[in-house]
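# Understanding the architecture of this molecule
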Amino acid sequence: MRLLTSLFLSLFIFQSKAQEPEAVIPFAIKNGHMYIDLQINQSEPLHFVFDTGAAANLISDKAAASLNIEAAGSRSVQGASGSTTIKSAKVDEMNIQGVTFKNSNFLVMNIDHLSDEDHPLSGIIGAVVLNRFVVEIDYEKSEIKLFDRKGFEAPEGWTKQSFSLRPFGVPVISATITLPSGETLTGPYLVDTGAATTIKFNTPFVNKNKLIQKLGRHYAYTSRALSNKATDEVSKLPSYELFGQTFESFPVRLSQVDKGVSSYEQVDGILGLDLLKRFNTIYDYYQQAMYVKPNSLFDETFRLNHDGMEIEKGQGVFTVKKVHSGSASDMAGIQQGDQIISLDGKSAFSRPEFHLYIQMAKKSVTVKLKREGKELKVELKPKAML
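Residues numbered from 1 in each chain as written. Predicted model: local features only at pLDDT ≥ 70, side-chain atom pairs only at ≥ 80, totals over all residues. Heavy atoms only, no water.

### Here's the deal with unusual backbone geometry
Cis peptide bonds are those with omega within 30 degrees of zero, and the linkage from Arg166 to Pro167 qualifies with 5°. Residue placement: Pro167 occurs in the loop between strand 12 (159-162) and strand 13 (172-178). The phi dihedral of Asn31 is positive, around 55°, even though this residue is not glycine. For Asn31, the position within the fold is in the loop between strand 2 (28-30) and strand 3 (33-40). By relative accessible area, Asn31 is classed as buried at 11%. Non-glycine residue Ser249 carries a positive phi angle of around 50°. Relative to the elements of secondary structure, Ser249 occurs in strand 18 (residues 245-254). Take Ser249: its relative accessible area is 42%, and that puts it in the partly exposed class. (Helix = DSSP H or I, 4+ residues; strand = E, 2+ residues; numbered from the N terminus. Buried < 20%, exposed > 50% of the residue type's maximum accessible area, 1.4 Å probe, protein only.)

Below, the structure is given as structure tokens:
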């Protein structure tokens, strides 16, 4: 009896240890991306985005130069909006919270457009971690946990979702949309925590199903991925079923590109962080399975454009890059090229905080701006673009 008890306790202890994470990585969501810290060749901590859509590692050219990492080749890469040729290099050592990756290949390029002065970015990683560990993302605690995949056991109380890593090396799952007519369309979607959006529907899917016409009101939005600019139409989707849960009336992007992943027919679209963060998620690439559970962010308000301007921040100042016709900014008299000094006397905003402040305002917002050297004040009355 003692022997059996001893064996039982030993087995219990072994299984318990197997479920302990190899590492716990803190992260913060900034500019719609998950930022983590890591070290390369024993460097000071560098800010990287953790991205399930990143099949390859990427380091900024500035970070590579500061670490004396020299490019030794090049590689053609498909981004969301097109392909580009990027330099490549080998890194001797990458360390993430005590976990070491030796002799890793990195793409090297300028990624200034993916970061800003509030949130500097040195690179992007994803698959190198996901292929080695079972990865749990806890959005409530802002933690990424790495588990030994050999000893991992499926958790209780989570919904299992099988996925395929073909053809992009990124998880592809099935989900269902509902159109205003009540028509439902079920198809494959890429799971991409690096996409700062809810859903971006691929061009062939958009055109085949006439989504721009069927979804009604929309406006053009220009963004930039790795190296290509793309103009999508932004509209509102009545309903979307994901992981057994239904989301209603939220903004989506409708791709219009003819190059890159968003032009492919193999998938209907890309699931972004603004949807995915509403589920704590475990990724098991070895078993090609995800485990998901709705979290406290599930009912968080979706980001909507209530100001109608596109802005860029530099040297602490926001510059207006575009004003949408008929929007709140247009009605307030804000023009392209204006510099925004403050909102209601407040100036300490990051770009997402700027838009969110206007979205959440219950009355007009006093915008102080500078135009051709003169300071002006205008009253902006927030109005949803959709």
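### Some remarks on the environment of Lys277
Relative to the elements of secondary structure, Lys277 occurs in the loop between helix 6 (273-276) and strand 20 (279-284). Along the chain, Lys277 and Ile29 lie 248 residues apart, while their C-alpha atoms are 9.6 Å from each other. Ignoring any residue separated from it by four or fewer positions in sequence, one finds Lys277 in contact with Ile29, Tyr139, Asn295, Leu297 and Glu300. For Lys277, the side chain forms a polar contact with the side chain of Asp274, separated by 3.4 Å. (Contact = heavy atoms within 4.5 Å. Polar contact = N/O pair within 3.5 Å; in protein donor to acceptor, adjacent residues only side chain to side chain.)

### A short note on the sheet that holds strand 1 (residues 23-26)
Taking strand neighbours across the sheet as the criterion, the six strands line up as 1-11-10-20-21-12 in an open arrangement whose pairing is antiparallel. The open sheet has two edge strands with one neighbour each: strand 1 and strand 12. The average undirected angle you get between the axes of adjacent strands in this sheet is 20°. Examined bridge by bridge, strand 1 and strand 11 (residues 143-148) share four bridges and lie antiparallel to one another. By the bridge assignment, Pro26 is partnered in strand 11 with Glu143. (Pairing = 2+ DSSP bridges. Axes fitted to C-alpha atoms, helices over the stretch in contact; angles between N-to-C directions.)

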